[in-house]
Amino acid sequence: MSEIAVRLKNVLAASDAYRQTMARLVGLGVPETTILVHLLHEGPRTPSALARRVGVTPATVTAQLDRLELAGHVVRRSNPRDRRSVLVVLTDRGHDLAARLFALFDRDVATGIGEADPTVTAELGRILEHLSQRLDERARDTHAIAADLEESGLR
């Protein structure tokens, strides 16, 4: 398993570099492009949900949303389910940018996978989905992670 963990670490590092380059070239930060692509795939979200997704504080996401709104990529609308909150919605311009960014990413992933057997890529997709769900669950279990860090002498 250690070899897979190392290879996944390499994929994550390459993905970070890729995201930084894409964001810089379209004049945004990585958190802003992450917000746009998340809204593209998940639909309108509250600022607090976006803050959790991007891994920043609510105050930080507010500044990022201000920049995205100023650039014409998002708007904030009243939340029909909770009048005390707002939903962040992609504008046509934001949707177009997010869709183009993701299309380039999709193409680059396809190029990276190359001529792999479709059965293998389907299995890889299932494995990656399971892994992302497990890591997401683990990230929300801060007590267990804290205990593991304590046990490892890292805390």
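That block above? That's the structure.
Sequence positions are assigned chain by chain, starting from 1 and proceeding in written order. A pLDDT threshold of at least 70 governs which residues receive local features in this predicted model, and a stricter bar of 80 or more applies before side-chain atom pairs are shown or counted, although totals over entire chains, interfaces and linings include all residues. The basis for every side-chain value is the complete set of non-hydrogen atoms in the structure, without hydrogens or water.

(A) Local environment of the packing of aromatic side chains. Two rings from Phe, Tyr or Trp (for Trp, the six-membered ring) form a pair when their centres are within 6.5 Å of each other. A pair whose planes differ by under 30 degrees is stacked, one over 60 is edge-to-face, and the rest are tilted. Under the defined criterion, the tally for this structure stands at 2 aromatic pairs. Where Phe102 meets Phe105, the ring centres are 5.8 Å apart and the plane angle is 50 degrees; that geometry is what we call tilted. Linking Phe102 with Phe105, this pair stays in helix 5 (residues 92–113), spanning 3 residues, or about one helical turn. Whether a residue is buried, partly exposed or exposed follows from its accessible area with a 1.4 Å probe, protein chains only, as a fraction of its type maximum: under 20%, in between, or over 50%, in that order. The exposure class assigned to Phe102 is partly exposed, which follows from its relative accessible area of 30%. Starting at the N terminus, helices and strands are each numbered in turn, a helix being any DSSP run of H or I of at least four residues and a strand any DSSP run of E of at least two.

(B) Structural detail: the packing of helix 1 (residues 2–25) against helix 2 (residues 30–42). Geometry is summarised by axes, namely lines fitted to C-alpha atoms with helices restricted to the contacting stretch, and by angles between N-to-C directions that run from 0 to 180 degrees. Packing of helix 1 against helix 2 brings their axes to within 8 Å, and their N-to-C directions diverge by 90 degrees. Considering their axes alone, helix 1 and helix 2 lie roughly perpendicular with respect to each other. Of the residues in helix 2, those in contact with Arg19, Gln20 and Ala23 of helix 1 are Val30, Thr33 and Thr34. Split by residue class, the contact of helix 1 with helix 2 holds 2 nonpolar, 3 polar and 1 charged. Relative orientations are named as follows: roughly parallel for angles under 35 degrees, roughly antiparallel for angles over 145 degrees, roughly perpendicular for angles from 65 to 115 degrees, and oblique for any other angle. We call two residues contacting when some pair of their heavy atoms lies within 4.5 Å. Only Asp, Glu, Lys and Arg are considered charged, only Ala, Val, Leu, Ile, Met, Phe, Trp, Tyr, Cys and Pro nonpolar, and every remaining residue, Gly among them, polar.

(C) Focus on the nonpolar core. The set of buried Ala, Val, Leu, Ile, Met, Phe, Trp, Tyr and Cys residues whose side-chain atoms join them within 4.5 Å is what this entry labels a nonpolar core. Core analysis: the largest hydrophobic core is formed by 16 residues, its most contacted members being Ile35, Leu36, Leu39, Leu50, Leu65, Leu68 and Val74. Mapped by element, the contributors of at least two residues to this core are helix 2, helix 3 (47–54), helix 4 (58–70), strand 2 (82–90) and helix 5. If near-sequence neighbours (up to four positions away) are discounted, Leu65 is found in contact with Ile35, Pro47, Leu50, Val74, Arg76 and Val88.

(D) View of the pairing of strand 2. When DSSP locates at least two bridges between a pair of strands, those strands are taken to pair. Alignment of strand 1 (residues 74–79) against strand 2, held across 6 bridges, turns out to be antiparallel. Paired with Arg76 across the strands is Val88, a residue of strand 2. Where strand 1 hands over to strand 2, the hairpin turn is made up of 2 residues, counted between the paired strands.

(E) Structural context of a nonpolar patch on the surface. In this analysis, a patch consists of residues with relative accessible area above 30% that form no salt bridge, clustered at 9 Å for like charges and at 5 Å for the nonpolar side chains Val, Leu, Ile, Met, Phe, Trp and Tyr. Every accessible area reported is derived by Shrake-Rupley at a probe size of 1.4 Å, with residue values counting cover from the shown protein chains alone. Criterion for a salt bridge: a side-chain nitrogen of Lys or Arg within 4 Å of a carboxyl oxygen of Asp or Glu. On the surface, Phe105, Val109, Ile113, Leu124 and Leu128 cluster together into a nonpolar patch covering about 380 Å² of accessible area. Of all elements in the fold, only helix 5 and helix 6 (118–140) reach the threshold of two or more residues within the nonpolar patch. With 3 residues, the single largest contributor to the nonpolar patch is helix 5. Relative accessible area serves as the criterion here: at 36%, Phe105 is assigned to the partly exposed category.

(F) Quick look at the packing of helix 2 against helix 3. Packing of helix 2 against helix 3 leaves a shortest axis separation of 10 Å and a crossing angle of 120 degrees. The interaxial crossing formed by helix 2 with helix 3 has right-handed handedness. Contact residues: helix 2 offers Pro31, Thr34, Ile35, His38 and Leu39, while helix 3 offers Leu50, Arg53 and Val54. For the contact of helix 2 with helix 3, the residue count by class is 5 nonpolar, 2 polar and 1 charged. When the near helix sits turned anticlockwise from the far one by under a right angle, the crossing is termed left-handed; a clockwise turn instead gives a right-handed crossing.

(G) Layout of the pattern of salt bridges. Taken as a whole and judged by the stated rule, the model has 11 salt bridges. Arg84 is the partner of Asp82 in a salt bridge, and the nearest nitrogen-oxygen pair spans 3.1 Å. When the shortest N-O distance is used, the salt bridge between Glu123 and Arg126 registers 2.9 Å. With Glu123 and Arg126 both in helix 6, this residue pair falls 3 residues apart, about one helical turn. A residue is classified by how much of its surface remains accessible, and Glu123, at 37% relative accessible area, is partly exposed.

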